[in-house]
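Chain residues, written in single-letter form:
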Amino acid sequence: MSVFSGEPLKPGSQASLRNANQRRVLDTVRRHGRLTQAQISRRTALAPSTVSNIVHELIGAGLLVMESDHAGRRGQLISFNGSAGHVVGIDVGHRHVTVAVADLNQRILAQRRHDLPAGHRFPEDLALVDHALDGLLGQIGTARSGLLAAGLTLPAPVDLEGRVISASAILPGWGGIDVREEAGRRLELPVVVENDANAGALGELTWGAGRGVRNLAYIKVGHGVGSGLILNGALFRGATGSAGEIGHSTVDERGKLCRCGNRGCLETFVSSGEVSRLLADTHGPDLTIPDLVDAAAAGDVGCARIIGDTGRTLGITVANLCNIINPELVVIGGEIARAGDLLLDPVREIVSRYGVRGSVRDLRIEAAQLGIQAHVAGAVIVALQHAELPV
Ligand SMILES: [Zn+2]
């Protein structure tokens, strides 16, 4: 759909300027959510009369709506029409996939999580996502044709072009696949691929513990261990896209061999598999992280001890990270973060011991507010950031 139809616009023509201004207004509403016309004018540096004209055109085109907040006409808020388009968030993990559908006003309308068998494979996973998507769209009463983009997050490094660098370690059934291309073809949608820790950082920044924070580190502790870094309000990717791979920082150079080829990486101490293995002799080989957290909360001393030790080991790397990037907030995510202070207090203690005093004095260390939903929330955010708006 286009507000302007017919001939392509000549650069510099009045129509092309108008179209560029429309995009500025739409991008501003997309980034900031509901805004008054005065706020849009300030944020776009467009004259109030220009903003007013554009807003009325876009309302006429069915893209925007105006709602009153009872503060009179000046306080009327502009937001996206709920039927202007939807995006999809998909989070694929070692043993699960979550699919969510959101509108352009950053509201997640429906989501589903499915457990997956070990060694699950890309073709079956995408068929499941496709099927789940049909169910979610039926639930909210919208058609496939209204979908604009999908964000797909997974536990693997992703380069600056959105290509998976290597999926083979944690998702062996996804190895050697051009995920963006193949998933795009299967879902018939533009697909943006993102590392799950980066997505967790974006999810917590937008909806969770990181709201209003400019510098934060999101630490994902799962089958893989990694971090997503928000510096000066934006995701920091580094030169090749692998910034924040703290799972492979060295804790003990004579330690266990890691899947990356080095020895004694953080991941060889605190990943879900390693933590479960520590309890295999006493608690059986099938103890999951949620089981471990529940047992510790119910007073199991051995489980509480393992969670505390995990926090202390994690704390050393978190202290080093804080000394380098000096965040205001560290958010710990992944299933083990549900242990709360049992995990976080040891992290805090070690960080206050090894962190540079000025750097960690006002630092907050908290569990992810969105819990294990942080990654799919981030998948929705990347889809919203990349969705081509229908003007
Ligand atoms: Zn490693």
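Residues numbered from 1 in each chain as written. Predicted model: local features only at pLDDT ≥ 70, side-chain atom pairs only at ≥ 80, totals over all residues. Heavy atoms only, no water.

Thoughts on the coordination of the zinc ion
- At the metal site, the zinc ion is ligated by His 248 (ND1), Cys 258 (SG), Cys 260 (SG) and Cys 265 (SG), and these contacts range over 2.0 to 2.4 Å.
- Between the four donor atoms coordinating the zinc ion, the angles at the centre fall across 102 to 125°, so the site counts as tetrahedral.
- Here the donor residues of the zinc ion are spaced in sequence according to H-x9-C-x1-C-x4-C. Each of the two residues, Cys 258 as well as Cys 265, counts as buried. (Donors = N, O, S within 2.8 Å, 3.2 Å for Na, K, Ca; no water. Tetrahedral: all angles 85-135°; square planar, octahedral: opposite > 155°, others 65-115°. Buried < 20%, exposed > 50% of the residue type's maximum accessible area, 1.4 Å probe, protein only.)

Brief notes about the side chain of Asp 103
- Within the secondary structure layout, Asp 103 lies in strand E5 (residues 96–103).
- At 2.9 Å, the side chain of Asp 103 and the backbone nitrogen of Asn 105 are in polar contact.
- At 2.8 Å, the side chain of Asp 103 forms a polar contact with the side chain of Arg 107.
- Dropping the residues within four chain positions of it, Asp 103 is found in contact with Gly 82, Gly 85, His 86, Leu 109 and Leu 384. (Helix = DSSP H or I, 4+ residues; strand = E, 2+ residues; numbered from the N terminus. Polar contact = N/O pair within 3.5 Å; in protein donor to acceptor, adjacent residues only side chain to side chain. Contact = heavy atoms within 4.5 Å.)

What to know about the domain arrangement of the chain
- One can read the domain layout of the chain as domain 1 (14–80), domain 2 (86–199 + 375–386) and domain 3 (209–369).
- For domain 1 versus domain 3, the distance between C-alpha centres works out to 42 Å. (Domains from an automatic or database assignment.)

Topic: the environment of Leu 329
- Following the sequence through the fold, Leu 329 ends up in strand E12 (residues 329–333).
- Given the relative accessible area of 0%, Leu 329 is considered buried.
- Along the chain, Leu 329 and Ile 289 lie 40 residues apart, while their C-alpha atoms are 24 Å from each other.
- Not counting chain neighbours up to four residues away, the residues in contact with Leu 329 comprise Ala 209, Gly 210, Val 213, Asn 215, Leu 216, Ala 217, Leu 363, Arg 364 and Glu 366.

Topic: the sheet that holds strand E4 (residues 86–92)
- The strand order across the open sheet formed by five strands is E6-E5-E4-E7-E8, and the pairing between neighbours is mixed. One side of each edge strand has no neighbouring strand; the edge strands of this open sheet are strand E6 (108–115) and strand E8 (191–195). Shown here is a sheet whose adjacent strand axes are inclined to one another by a mean of 15°, direction ignored.
- As paired strands, strand E7 (residues 147–154) and E8 are joined by five bridges and run parallel to one another. Along E8, the bridge assignment pairs Gly 151 with Val 192.
- This element, helix H6 (residues 196–207), spans E4, E6, E7 and E8 of the sheet and lies at about 95° to E8. (Pairing = 2+ DSSP bridges. Axes fitted to C-alpha atoms, helices over the stretch in contact; angles between N-to-C directions.)

Considering the side chain of Ser 359
- Within the element layout of this structure, Ser 359 appears in helix H13 (residues 357–360).
- There is a polar contact of 3.0 Å between the side chain of Ser 359 and the backbone oxygen of Cys 322.
- For Ser 359, the contacting residues outside a window of four places in its chain are Cys 322, Asn 323 and Asn 326.

Some thoughts on the nonpolar core
- If you look at the biggest cluster of nonpolar residues, it comprises 37 residues, and the most contacted ones within it are Ile 219, Leu 314 and Ile 332.
- In terms of residues, this core owes the most to one element, helix H11 (residues 301–325), which gives nine residues.
- In contact with Ile 219, other than residues within four places in its own chain, are Gly 226, Ser 227, Ile 246, Leu 314, Val 318, Leu 321, Val 330, Val 331, Ile 332 and Gly 333.
- Counting 29 residues, the second largest nonpolar core, distinct from the first, contains Leu 116, Val 158, Leu 171 and Val 193. (Core = buried A, V, L, I, M, F, W, Y, C linked by side-chain atoms within 4.5 Å.)

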